[in-house]
Amino acid sequence: MLPIIVTAAILREGETVLITRRPLQSKHGGLWEFPGGKLDPNETPQEGLRRELREELGIDSEVGDIFEVVYFRYPQTPVLILAYECRHLDGVIQNIEVSEHRWVPVTELHRYDILPADAPIIARLQR
Ligand SMILES: Nc1nc2c([nH]c(=O)n2[C@H]2C[C@H](O)[C@@H](COP(=O)(O)OP(=O)(O)OP(=O)(O)O)O2)c(=O)[nH]1
Ligand SMILES: [Mg+2]
């Protein structure tokens, strides 16, 4: 099965990184992740990620370098996650399509229940 392509944002503030919580009623509800989502047809990964950050958090952003690529098999479908370094350009972060957001020191990420596919992203952040 071909993976679903998902983009995810690495947004930093000092020593911290932004994580967001999935709404309780959604798939993987209540777990934490990096904001982002599935790519739409005919969208570049950068366009898709900027759209997701607008939809989920209400912010304008700039997508920078690729940070990590992860292939992970969930029981229903595999995902290919493209994580990019991003810069917050404008707008106050709002919990529009997420239930919470938090700036977390990279050394404290282990305290959160983060989606299992994100382990390589966390490992790289902690290097
Ligand atoms: N955004 C994001 N998705 C992740 C991460 N790690 C991870 O396994 N995923 C998975 C969870 C989901 O199965 C999939 C993203 O799908 P999603 O349902 O959140 O996509 P979306 O934001 O486009 O939301 P929707 O329109 O489908 O409701 O990727 C991550 O760090 N960030
Ligand atoms: Mg999403």
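The name an unreviewed UniProt entry assigns to the chain is 8-oxo-dGTP diphosphatase, from the organism Trichloromonas acetexigens. According to its UniProt record, the chain has this under Cofactor (unreviewed entry): "Mg(2+)". Database annotation for the chain, UniProt heading Sequence similarities (unreviewed entry): "Belongs to the Nudix hydrolase family."

Take the coordination of the magnesium ion (ligand 2) next. Protein-derived coordination of the magnesium ion (ligand 2) comes from Gly36 (O) and Glu56 (OE), at a distance range of 2.2 to 2.3 Å. With Gly36 in strand β4 (residues 36-38) and Glu56 in helix α1 (residues 45-57), this pair connects stretches of sequence that are 20 residues apart.

Here we take up the site of ligand 1. Looking at ligand 1, there are 18 residues lining it, with Arg22, Phe34, Lys38, Tyr74 and Asp118 nearest. Contact distances for ligand 1 include 2.9 Å between an oxygen atom and a side-chain N or O atom of Arg22. Interatomic distance of 3.3 Å between a side-chain N/O atom of Lys27 and an oxygen atom of ligand 1. For ligand 1, the protein covers 79% of the area, taking 630 Å² as the surface of the free molecule. Elements supplying a minimum of two residues to the shell around ligand 1: β1 (4-13), β4 and α1. Along the lines of polarity and charge, the residues of the shell around ligand 1 split into seven nonpolar, four polar and seven charged.

Along the chain, Glu33 falls in strand β3 (residues 32-33). Of the polar contacts made by the side chain of Glu33, one reaches the side chain of Arg22; its length is 2.7 Å. The contact partners of Glu33, leaving out residues within four places of it in the chain, are Ile19, Thr20, Arg22, Ile114, Leu115 and Asp118.

Attention now moves to the confidence of the model for the chain. Looking at the chain as a whole, its pLDDT mean stands at 98, while 100% of the residues score no less than 70. For this predicted complex, the interface score ipTM comes out at 0.96, alongside a pTM of 0.97.

What follows is about the UniProt feature "binding site: 8-oxo-dGTP" (unreviewed entry) in the chain. Following the UniProt record, one finds the feature "binding site: 8-oxo-dGTP" (unreviewed entry) at Arg22, Glu33, Phe34, Pro35 and Gly36. A relative accessible area of 10% places Glu33 in the buried class. Examined against the element boundaries, Phe34 turns out to sit in the loop between β3 and β4. A relative accessible area of 3% means that Phe34 is categorised as buried. Sequence-distant contacts of Phe34, that is, excluding residues within four places in its chain, are made with Ala8, Ala9, Ile10, Val17, Leu18, Ile19, Thr20, Asp118, Ile121, Ile122 and Leu125.

The rules behind each value
Residues numbered from 1 in each chain as written. Chains lettered and ligands numbered in written order. Predicted model: local features only at pLDDT ≥ 70, side-chain atom pairs only at ≥ 80, totals over all residues. Heavy atoms only, no water. UniProt positions renumbered as here; feature names shortened; annotations may be inferred. Donors = N, O, S within 2.8 Å, 3.2 Å for Na, K, Ca; no water. Helix = DSSP H or I, 4+ residues; strand = E, 2+ residues; numbered from the N terminus. Near = heavy atom within 4 Å. Polar contact = N/O pair within 3.5 Å; in protein donor to acceptor, adjacent residues only side chain to side chain. Areas by Shrake-Rupley, 256 points an atom, 1.4 Å probe, with all protein chains shown as cover. Nonpolar A, V, L, I, M, F, W, Y, C, P; charged D, E, K, R; others polar. Contact = heavy atoms within 4.5 Å. pLDDT = per-residue confidence, 0-100. Buried < 20%, exposed > 50% of the residue type's maximum accessible area, 1.4 Å probe, protein only.

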